[in-house]
Amino acid sequence: MPQKILLVEDEAIIAMSEANMLQEHGYEVVTAYNGSKAIEAANSDPTISLILMDIDLGTGMDGTEVARRILHAHDIPIVFLSSHAEEAYVDMVKEITGYGYVLKNSGEFILLESINMALKLFEAHQELKRNQQLLQDTGRLARVGGWEFDIATMKQRWTEETYLIHELAPTVEPDVDMGLNFFIPEHKPLIEAAVQRIIDHGEPYDLELQIVTAKGNHRWVHTKGKAYYHHNTIYKIGGSIQDITELKETKFELDSYR
């Protein structure tokens, strides 16, 4: 089944010529001659694979505004077509889409290659999103979160599940001291020493420790950390944290019957 392109072009003769060329190369083409018709087409036809958008659309909305409105409701690659090579026009689309800006006089080959690359890039982005969602879902099921700490900037990043384990709002920006302070007093020196050994010597750690969440709940966690190198220098440390409270409680109950 051919991929469908929504061609947005206000000049009928140019639109007809571009549509014929695209059809000759195996694409199905739907043409919209103004911004309103383009938005209507994007909203009504989920089979559109890519939008080829002229920036100048005569009176009414220009192509950048049309693109913003479409992208507000749909995840779809948009390649801009324009007769303008000025930097100002290129800057207009930088914040909207990263799928391409093609000059109308670039020729058939450049346009077709730009479309092909945009479709491949979009599919790569979709695959990345699917993989990230799979990892997130898997982490949630296993109650495993991730974290990393940049040594140069002293900034720390947590995954969504890490926030959930600590019962902390995801709007809070974590730092090393805050992360360490969740561990109970008996275990805090253990994790501090382990983190310092990674920073100083690259020595990984694998520990089962107890934390007190932001809501005051006690939880057991299995936490791992390791060093990341660039040119033999440690620039980042990162790892995982898993809520093993239920596992620990079950083990304690079994031990009590022995």
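What counts as what
- Residues numbered from 1 in each chain as written.
- Predicted model: local features only at pLDDT ≥ 70, side-chain atom pairs only at ≥ 80, totals over all residues.
- Heavy atoms only, no water.
- Core = buried A, V, L, I, M, F, W, Y, C linked by side-chain atoms within 4.5 Å.
- Buried < 20%, exposed > 50% of the residue type's maximum accessible area, 1.4 Å probe, protein only.
- Helix = DSSP H or I, 4+ residues; strand = E, 2+ residues; numbered from the N terminus.
- Contact = heavy atoms within 4.5 Å.
- Pairing = 2+ DSSP bridges.
- Salt bridge = Lys/Arg side-chain N within 4 Å of Asp/Glu carboxyl O.

1. A short note on the nonpolar core
One finds Ile 191, Tyr 205 and Ile 237 to be the most contacted residues of the largest nonpolar core, which totals 21 residues. Looking at this core, the elements that each hand over two or more residues are β6 (144–150), α6 (160–166), α8 (188–201), β8 (205–212), β9 (218–230) and β10 (233–243). Here this core takes 4 residues from α8, the largest share from any one element. Here Tyr 205 is in contact with Trp 147, Ile 191, Ala 194, Val 195, Ile 198, Thr 223, Lys 224 and Gly 225, once residues within four sequence places are set aside.

2. Remarks on the pairing of β9
Where β8 lies against β9, 8 bridges are found, and the strand directions are antiparallel. Following the sheet pairing, Leu 207 is matched in β9 by Thr 223. With antiparallel pairing between neighbouring strands as the criterion, β8 and β9 make up a hairpin whose turn holds 5 residues, including Gly 216 at a positive phi of roughly 85°. Note: β9 against β10, 10 bridges, orientation antiparallel. Within β10, the residue paired with Lys 224 across the bridge is Ser 240.

3. Section: the pattern of salt bridges
Under the definition given, this model contains 12 salt bridges. Measuring nitrogen to oxygen at the nearest pair gives 3.8 Å for the salt bridge that ties Lys 4 to Glu 28. Note that Lys 4 is positioned in strand β1 (residues 4–8) and Glu 28 in strand β2 (residues 28–32), a separation of 24 residues in sequence. Given a relative accessible area of 32%, Glu 28 falls into the partly exposed group. Among the ionic pairs, Arg 68 bridges to Glu 65, the shortest N-O distance being 3.9 Å. Taken together, the residues Arg 68 and Glu 65, both in helix α3 (residues 63–73) and 3 residues apart, mark about one turn of the helix. Assessed through its relative accessible area of 41%, Arg 68 is described here as partly exposed. Salt bridges sharing common partners tie together Lys 4, Glu 28 and Asp 45.

So yeah, pure geometry; function would need other evidence.
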